[in-house]
Every structure is written in C-alpha cells, then in structure tokens.
Amino acid sequence: MRELTEGSPLKNLMPIVAAVLLATTAAACSSGDGDSGGGPVELMLWHGQNDIAAKSMDKLVESFNRSHPNIKVKTDSGGATADTMLPKVTAAFAAGTFPDVAYMYGSWGAALARSPKVPNLKKYIGASDVNWDDFWPNSRATATINGKVIGFPSAADDLTVLYNKKLLADAGLKPPSPTWSWDDFRSMARKLTNAEDKTYGTTWAVSGGEETTWLLWPLLWQHGGSILSKDEKKAAFNSPAGVRALTLVQQMTLQDKSVYVDTSPAEKGQKLFESGRLGMFLAGPWVLPDVQAAKVDYGIAPMPGTNGDHQTVSGMDNWAVFDHGSRRVKAAVEFLTWLTKPEQQLVWMNDTGSLPTRKSITSLPGYQEYTKKYPGVDVVTENLVNAKQIRPVISKYPRVSGFVAQAIAAALLGKSDPQSALNDAANKSDALLKVPGQ
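A quick note: this is a predicted structure, and the numbers were derived from the prediction, not measured.

Caption draft 1: Broad picture of the sheet that holds strand β1 (residues 41-46). Read from one edge to the other, the open sheet built from 5 strands follows the order β2-β1-β3-β12-β6, with strand pairing classed as mixed. Each having just a single partner strand, β2 (71-76) and β6 (151-155) make up the two edges of the open sheet. Looking at each pair of strands side by side, their axes are set apart by 25° on average, direction ignored. With 6 bridges joining them, β1 and β2 adopt parallel strand pairing. Residue pairing in the sheet places W46 in a bridge with D76 of β2. Packed onto the sheet, helix α2 (residues 51-67) meets β1, β2 and β12 (317-321) and runs at close to 170° relative to β2. Lying over the sheet, helix α3 (residues 85-95) contacts β1 and β3 (101-104), oriented at roughly 145° with respect to β3.

Caption draft 2: Representation of the pattern of salt bridges in the model. For the structure on display, the rule yields 12 salt bridges. Salt-bridge contacts for E42 lead to K74; the nearest nitrogen and oxygen are separated by 3.9 Å. Here K74 lies in strand β2 and E42 lies in strand β1, a separation of 32 residues in the sequence. Here R358 makes a salt bridge to D134, at a shortest N to O gap of 3.6 Å. One end of the pair, R358, is in the loop between α14 (342-352) and α15 (367-373); the other, D134, is in the loop between α4 (109-113) and α5 (137-142), and 224 residues separate them in sequence. Across the pair, exposure class does not vary: R358 and D134 are buried alike. It is possible to trace a salt-bridge network through shared partners that takes in R186, R190 and D256.

Caption draft 3: Representation of the packing of helix α17 (residues 397-412) against helix α18 (residues 418-434). With their axes 8 Å apart at the nearest point, α17 and α18 run at an angle of 165° to one another. Taken together, the axes of α17 and α18 lie roughly antiparallel to each other. For α17 against α18, the interelement crossing comes out right-handed. Facing α17, whose interface residues are R399, V400, F403, V404, Q406 and A407, α18 presents A421, L422, A425, K428, S429, L432 and L433. Considering only residue class, the contact of α17 with α18 consists of 9 nonpolar, 2 polar and 2 charged.

Caption draft 4: Layout of the nonpolar core. One finds L162, W204, W217, F237 and M280 to be the most contacted residues of the largest nonpolar core, which totals 82 residues. Element by element, the count of residues in this core is highest for α17, at 9 residues. Counting 52 residues, the second largest nonpolar core, distinct from the first, contains I71, M85, A92 and Y124.

Caption draft 5: Summary view of the sheet that holds strand β7 (residues 160-164). Here 3 strands make up an open sheet; going across it, the order is β10-β7-β11 and the pairing antiparallel. Lying at the two open borders of the sheet, with one neighbouring strand each, are β10 (280-283) and β11 (298-301). In this sheet, adjacent strand axes meet at a mean angle of 30° when their direction is disregarded. Of the strand pairs in this sheet, β7 and β10 are connected by 4 bridges, and their pairing is antiparallel. Each bridged residue has a counterpart across the sheet, and for T160 the counterpart in β10 is A283. Where helix α7 (residues 182-192) meets the sheet, its contacts fall on β7 and β10, and the angle it forms with β10 comes to roughly 130°.

Caption draft 6: Up close: the pairing of β11. Covered by surrounding structure in β11 are Y298 and I300 together with G299 and A301, the residues of both alternating faces. Of the pairings in the sheet, the one linking β7 to β11 comprises 4 bridges and is antiparallel in character. Each bridged residue has a counterpart across the sheet, and for V161 the counterpart in β11 is A301.

Caption draft 7: Structural detail: α18. Here α18 spans 24 Å end to end across 17 residues, near enough to the 24 Å set by a 1.5 Å rise per residue. Packing partners of the buried residues in α18 comprise α10 (240-255) and α17. If you check the start of α18, you find a side-chain oxygen 3.2 Å away from the backbone N of Q419, and it comes from D417.

Caption draft 8: Seen up close, the packing of aromatic side chains. If you walk through the whole model with that rule in mind, you get 16 aromatic pairs. Centroid distance W132 to F135: 5.5 Å. Interplanar angle 70°. Geometry classified as edge-to-face. Residue classification places F135 among the buried positions, given a relative accessible area of 0%. Taken together, the aromatic side chains of Y103, Y105, W108 and W319 make up a single cluster linked through ring pairs. Above the ring of F135, the side-chain terminus of R358 is found at 3.8 Å from the ring centroid.

Caption draft 9: Looking closely at the environment of P436. Inspection of the secondary structure assignment puts P436 in the segment after α18. Take P436: its relative accessible area is 72%, and that puts it in the exposed class. Once the C-alpha coordinates of P436 and A425 are considered, the two residues, 11 residues apart in sequence, prove to be 19 Å apart.

Caption draft 10: A look at the side chain of T160. Examined against the element boundaries, T160 turns out to sit in strand β7. Since its relative accessible area comes to 0%, T160 is described here as buried. Apart from the residues lying within four places of it in its own chain, the contact partners of T160 are F281, L282, A283, G284, I300, A301, M303, V380 and N383.

Caption draft 11: Fine view of the side chain of D262. Residue placement: D262 occurs in strand β9 (residues 259-262). For D262, which is buried and forms no salt bridge, the nearest opposite charge comes from K268, at a distance of 6.5 Å. If we skip the residues at most four places from it in the chain, D262 touches T203, W204, A205, V206, S207, E267, K268 and G269.

Criteria and thresholds
Residues numbered from 1 in each chain as written. Predicted model: local features only at pLDDT ≥ 70, side-chain atom pairs only at ≥ 80, totals over all residues. Heavy atoms only, no water. Pairing = 2+ DSSP bridges. Helix = DSSP H or I, 4+ residues; strand = E, 2+ residues; numbered from the N terminus. Axes fitted to C-alpha atoms, helices over the stretch in contact; angles between N-to-C directions. Contact = heavy atoms within 4.5 Å. Salt bridge = Lys/Arg side-chain N within 4 Å of Asp/Glu carboxyl O. Buried < 20%, exposed > 50% of the residue type's maximum accessible area, 1.4 Å probe, protein only. Parallel < 35°, antiparallel > 145°, perpendicular 65-115°, else oblique. Left-handed = near helix turned anticlockwise from the far one by under 90°. Nonpolar A, V, L, I, M, F, W, Y, C, P; charged D, E, K, R; others polar. Core = buried A, V, L, I, M, F, W, Y, C linked by side-chain atoms within 4.5 Å. Expected span 1.5 Å × (residues − 1). Polar contact = N/O pair within 3.5 Å; in protein donor to acceptor, adjacent residues only side chain to side chain. Phe/Tyr/Trp six-rings, centres within 6.5 Å; stacked < 30°, edge-to-face > 60°. Lys NZ or Arg CZ within 6 Å of the ring centre and 35° of its normal. Lys, Arg positive; Asp, Glu negative; His and termini not counted.

It is worth stressing that arrangement in space is one thing and function is another; only the former is reported here.
What follows is the structure, encoded as structure tokens:
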C-alpha cells in the first residue's frame, strides 16, 4: 500500500478536516447497539482498494466468512480510495454510518486516537493467537499512539532505489552495491543524465506534502538529525544535518541537473521510469506491478548510506477499528487476527506485491515463490531493518510535513537556499506546535 501523498488540495486539507471532525462530531455519535441481538455478528470493512487488490481482499474475506460462521464480514471500498479514506470516515462519524474496520494511513494515527469512536485494543493484543511481537517494531509503533492501540498493522513498506539495468549498462555503470553512499548515488545520477534524449539520473516530487518530504528524511536521519525535538514541541529539521541533506539534493538538481523535478501531482517521475528515461527511482514495492507491466528490466538497491548508515523511511498503515459496541469490536479483533496471520498475508502479498507485515512470513514455504514473482522484493524486505525511526505520530505532523515540502520545493526550484527555506518551514512549524490541542 502506498503512504499518503498530499499533492492535491483535498489531501492537504485532510489533516485539518480530521482534526475538526474527529474532535467535534465523533463524541456526538452514539456507540451503537452492536451488543444486542443474537446470530452472527455483522461487520463492515472499508478497504479503499481497487482492481487486483480489491479482488484479493474480497477473496480473503470470503474465506474468513466460510470458516467463521459466527461472524459475517461485508467488504466495500467505502466509496473512497485509500488516499481519501480519512475524510470519508470522518464524514461517516458525523452521519453515524462509519464502518467497523477501515484501511487507514499510519500518518493519520494521532488524529484517530483522539476520537472516542476508536477503541483501545490494548487488552486484546496480548493474546497468543495475535502474536503482536511478530509484527515489525515500527508497525507496532505506528498502531500505538500514547499507549492506545488503534488497530492492526495492515501494510509495511520502505523506500529503496529502483534502477534501470539497461540505462546503467549503457552508461558503463555497475549496479549499486549494498554499501553504496550518497556520493555514489550523485555520481551515478550525473552519468545517467542525458539532456539530448531527456533522460535523467533520478527524480524528486515537489508537488507538496509527504510525497516530497519523506524522500528527505532518510538523509536527515543518516546525518544524525531529527524531524522534531524530543518533546515534539519544536522543529529540529533545520539543523546542520537537515541543511546538509537538502543541500545535496539542491546541488544535484541545480548544479548537476541530474534530477527531474516533478511538479505534477500525477507523479510523472514514475512514468519516466516506466518509459525507460529515468535511471534511478526512490520508491517502494507498491510500484512493482506497474514497473513489471511496463517491462522495465529493473534492479533494487537499499537506500544510499552516510558513513555506513543506510537508514530509510517506512510507510506503515493500519486496519483501524471503530466502536459499534463491545460485541462488534471483539468480532473485528477476531477477524483482523485471522487476516493478519502469516498464511493470509502471504496470499495478499502474492496477489499485490506487498511486503510482509510480520517477520515470520519470510520463513513460510511459499515465501521464496513470492520473491521469484517479484524480483528484488526480498531486498525491499531486508531493507526494513534499516527503518529504525518513524515519523512523528502527532496530529500536526501532516501540516509540518507540508511546510517542509514547501521548503524543499523552494530549494530545488532555485528560489531559496536550503538553510533559509528550512528556517522558514521551522518558524511556521514552531508556531503551529505552540497552539494547544489541534
């Protein structure tokens, strides 16, 4: 699954919409009468998936319903994509039509945790059949906000580097090694750039929001920097570490001219890679089906490192649970316990190219067949160990991210130097973080 991209006006408004609706309308909705009545418990799942992923989810739910006659799960897209699920759910809170379970991006966790319509599942996760510790540590952290468990991990991914084998060979370059550095990345990008045929070394999205900023965080962390202060009350990304990170990208863009600056929310950078005009693409497993369909001969390498540090950033999402009474909450936990078991997850992975959400999945007999179906995905999975930090799990983070995205765009478009751009973003962030509540 993809992590939130905020290039469109709607996506930029979502954190604000969530903050208002979750705080002011959720409490007015009743808890429902889900505890009453006999017969099977009926649950509504909004998955937000389409095409192959939607069919795979329907297949899994049908299998669950056959083997669990006491629970009947109905699936629906929720009338929304995964990107637009948050405003859909908040509107449903106001109308009292919200589902029992929905696919929600990890960056929305703090806003969801404040809602009284999101129960704390902490008392359930210690059960042996849940096997909570088998989920990746940053997945568990994304689902847990200030001690409140809002759901089960639904997806794991991380940024790696996809490269076009043919373009590298034509430029006389060897594939990146697991120990390559950002100096290597810059040098390769420069050699892969050809102005005459409009081929670029790499790309960077500057349409705004998380699609822009999360590309920078690995560089920041590798230089020893942080996004926010330890108490999460002030910006820290404008430190020397942040300036060094953004300066490198600006130099590659303005001096080397090896970066295709993608100003479109339609993500033209991916299309460039699929068309064979982009040498290296910072992305994750969600693009593999499209890249394979485009018949690109690709390879995958971990993120370049700084002094041997190859930290990356991950996008962990959740199956959030909503409160229609304790009977339905308990049934939702039973369903998600089944859905997130290794055997079911491997089915999902084979259908969609998603990464394993649990460590134990890699030991299943069918895992090797999965890696053969999606060449290089094992590198992406192994790279999860380099996802050592998570983005701030606070409701104001999406807006902070938007300020940083503006700073990155200003630097890459030559409108500001990195220090000034990041200072401006930090001032805006500090003012926001001082405001009590949302």
